[in-house]
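An overview of the molecular structure
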Amino acid sequence: MKTKEIIKRSRKLAKSFRISKGKDFRLKDVDPGDTLQFTKEQDKPRAKEALASGIVALAELQDKLYAHDKWAVLLIFQAMDAAGKDGAIKHVMSGVNPQGCQVYSFKSPSAEDLDHDYLWRCMKCVPNRGQIGIFNRSYYEEVLVVRTHPELLEKQKLPKRLVSKSVWKERFEDICKFEQYLARNGVVVRKFFLHVSKKEQKQRFLERIDDPLKNWKFSANDANERDFWDDYMQAYEEMIQQTATKAAPWYVVPADNKWFTRVVVAAAVIDALDELDLKYPEVGEEKLRELAAARRKLVKK
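Computed from a predicted model, the values in this text were never measured in an experiment. (Residues numbered from 1 in each chain as written. Predicted model: local features only at pLDDT ≥ 70, side-chain atom pairs only at ≥ 80, totals over all residues. Heavy atoms only, no water.)

1. Observations concerning the environment of V56
Which entries qualify depends on this criterion: Where helices and strands are cited, they refer to DSSP runs of H or I of at least four residues and of E of at least two residues respectively, numbered from the N terminus. For every residue, the accessible area (1.4 Å probe, protein chains only) is compared with the maximum for its type, and the residue is labelled buried under 20%, exposed over 50%, or partly exposed between those bounds.
If you trace the backbone, V56 turns up in helix α2 (residues 40-68). Given the relative accessible area of 56%, V56 is considered exposed. Between the C-alpha atoms of V56 and T3, which are 53 residues apart in sequence, the distance is 8.4 Å.

Listed below in structure tokens is the structure:
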């Protein structure tokens, strides 16, 4: 399949899950098991073929991004545990030149992190121009985990008078302004919420426990966090409502079927890169003369 056709299909697929205005968004309207026109038994191989062709197109676009050296792309992944963030990143970016991709995982903040504002540790990891940066979790943890567990907010050493009932509204505003700042400076922001069902998460946790090769992936805290499932869903919904913008849209991606999740993520990244109208740098007359002279010299030797 030609790159242009892949891009056209990717744009259509990505549009199905893109949220640019979150005001009317409701999480209940997204089925975690949705696979659109694909069906598990008949079209799973076709979806995998679409992912393979998408990876090829993505590699081509990423090469242009690197050579163009004007734009940077920041991909943010948020999800409940076992939703498939690591797998999506691994498979979708498998064809990308490692020199043009940076991946950062943000876990519990360190003592140094807590001595700074909550955006600090992520701000210093924003990708260079020409690069694709990936945040596996991000500053959005501050309106998800910290909101669900208010005791974590107390550890951030904020002056008491700054912690009011409007603290979450203020953080949404700060995040939107930060992402607008990035967009105005050539950093394209695309955000992915991998929406897994509670039932599917349970199954994946059991697989991690029952398979010795996957034991290392499981933490007892993962199971404990399920007690706060409804709180998290409410937090995710409001997060998307308050921070989905044209400059930094969210993609709410059904995650019960990993193969479909990866196809959608790849499509969204391809669409984002294609919107930049990337081209290889043009070579001027002086450079052409340098190349011709270098060629003559090499031929003689």
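That covers the picture; the talk isn't over yet.
2. Some details on the sheet that holds strand β5 (residues 187-195)
Stated formally: One requirement defines pairing of two strands: DSSP has to find at least two bridges between them. Here a residue-residue contact requires only that any non-hydrogen atoms of the pair lie within 4.5 Å. Only the stretch in contact is used when a helix axis is fitted, and all axes are lines through C-alpha atoms; the angle between N-to-C directions ranges over 0 to 180 degrees.
The six strands lie next to each other as β1-β6-β5-β2-β4-β3, forming an open sheet whose pairing is mixed. What marks the edges here is a single partner per strand, and that holds for β1 (18-19) and β3 (101-105). When β1 meets strand β6 (residues 250-254), the two strands line up antiparallel, connected through two bridges. Residue R18 lies in a different strand from β6, and its bridge partner there is Y251. In the packing of helix α8 (residues 167-184) onto the sheet, the strands contacted are β2 (72-79) and β5, and the crossing angle to β5 comes to about 135°.

3. Describing the packing of helix α3 (residues 85-92) against helix α12 (residues 258-274)
Rule in force here: Our angle categories are set so that under 35 degrees counts as roughly parallel, over 145 as roughly antiparallel, 65 to 115 as roughly perpendicular, and the remainder as oblique. Here a crossing is called left-handed whenever its near helix is offset anticlockwise from the far helix by less than a right angle, and right-handed whenever the offset is clockwise. Residues are sorted three ways: Asp, Glu, Lys and Arg are charged, Ala, Val, Leu, Ile, Met, Phe, Trp, Tyr, Cys and Pro are nonpolar, and all the rest, Gly among them, are polar.
Close contact between α3 and α12 brings their axes to 9 Å; oriented N to C, the two are set at 55°. As judged from the angle between their axes, α3 and α12 are oblique. Handedness of the α3/α12 crossing: right-handed. When α3 is examined against α12, the residues G87, A88, H91 and V92 are found in contact with a partner set consisting of R262, V265 and A266. Of the residues assigned to the contact of α3 with α12, the class counts are four nonpolar, two polar and one charged.

4. Examining the nonpolar core
The condition that has to hold: Side-chain atoms within 4.5 Å link the members of a nonpolar core, which is a set of buried Ala, Val, Leu, Ile, Met, Phe, Trp, Tyr and Cys residues.
The biggest cluster of nonpolar side chains holds 86 residues, and the ones touching the most others in it are Y139, F192 and L273. With 11 residues, α12 is the single largest residue contributor to this core. When sequence neighbours within four positions are dropped, the list of residues in contact with Y139 reads I76, Y118, L119, C122, I175, F178 and E179.

Note that every value here comes from positions in space, so none of it alone points to a role or purpose.
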